[in-house]
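Examining the three-dimensional arrangement
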Amino acid sequence: MINGISQSKAICQPKSMGIGLLDSQSKSIPTFNLFETEPWLLDVAKKAINNFHIPWHCDDALIAETKKEAIRCLAAGVRSKSFLNELVPKVFKTKRDATHGIAKITSCGHEAINLYRLAEIGEKRFVWRYCELLCDFPEHSKLDGKEFSLNKGHKGEFPSSRYGCRCRGSIRMPT
Ligand SMILES: [Zn+2]
């Protein structure tokens, strides 16, 4: 029976063999970090975030710092508490708002990578996916399920290319 147990353990709890598998030897769940395996993708995200328009009424230096923090969050998956503490009195009312603000900016980077990857596999178009709970622009519901060019988007607008939009672009289904 001991053999039986250890065998089933071996099947159910594989030792860490790479990204995404639960390491039974460790109490913490290993995190998947795209940028460790493909660091160049971070440049795609950086470019998108640096070009991102943030509709805040504060000075350019603070916006630049915030973008830097968003890129850091994207790469490391964590937010620096000291940065949030500084940002809260200057831009946001609460820490929670600040966290959401950073998440909205990182979303732009994530989606830029997503669309880049679609183009990379030879796609010319994408399908706009809207989620009412995540996107701040109700008018994006009209774009849901529609196809747009990966070059032009919808009148130059792409999923997550506006602050507060967390729409996604997905691959077209074969017809
Ligand atoms: Zn949207």
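Let me begin by describing the structure that accompanies this report. Source: prediction; values computed, not measured. (Residues numbered from 1 in each chain as written. Predicted model: local features only at pLDDT ≥ 70, side-chain atom pairs only at ≥ 80, totals over all residues.)

**Here we look at the nonpolar core**
Counting 16 residues, the largest nonpolar core has Ala 45, Ala 48, Ile 49, Ile 105, Cys 108 and Ala 112 as the members making the most contacts within it. Secondary-structure elements contributing two or more residues to this core are helix H3 (41–50), helix H4 (60–76) and helix H6 (95–120). When residues in this core are grouped by element, the largest group, seven residues, is from H6. Once residues lying within four places of it in the same chain are set aside, the contact partners of Ile 49 are Lys 67, Ala 70, Ile 71, Ile 105, Cys 108 and Gly 109. Residues Trp 128, Tyr 130, Cys 135 and Cys 165 belong to the second largest nonpolar core, which totals six residues. (Core = buried A, V, L, I, M, F, W, Y, C linked by C-beta atoms within 7 Å. Buried ≥ 20, exposed ≤ 12 C-beta atoms within 10 Å, placed from the backbone. Helix = DSSP H or I, 4+ residues; strand = E, 2+ residues; numbered from the N terminus. Contact = placed C-beta atoms within 7 Å.)

**A few points about H6**
With 26 residues, H6 extends 37 Å from end C-alpha to end C-alpha; this agrees with the ideal 38 Å at 1.5 Å per step. In the stretch just after H6, Gly 122 is the one whose phi turns positive, near 95 degrees. (Expected span 1.5 Å × (residues − 1).)

**Some points on the sheet that holds strand S1 (residues 125–129)**
The strand order across the open sheet formed by three strands is S2-S1-S3, and the pairing between neighbours is antiparallel. At either margin of the open sheet sits one strand with a lone partner, and together these are strand S2 (147–149) and strand S3 (168–170). Averaged over all adjacent pairs, the angle separating strand axes in this sheet is 45 degrees, with direction ignored. Where S1 meets S2, three bridges bridge the pair, whose relative direction is antiparallel. Its bridge partner lying in S2, Arg 125 is registered against Ser 149. In the packing of H6 onto the sheet, contacts are made with S1 and S3, and the angle to S3 comes to roughly 15 degrees. (Pairing = 2+ DSSP bridges. Axes fitted to C-alpha atoms, helices over the stretch in contact; angles between N-to-C directions.)

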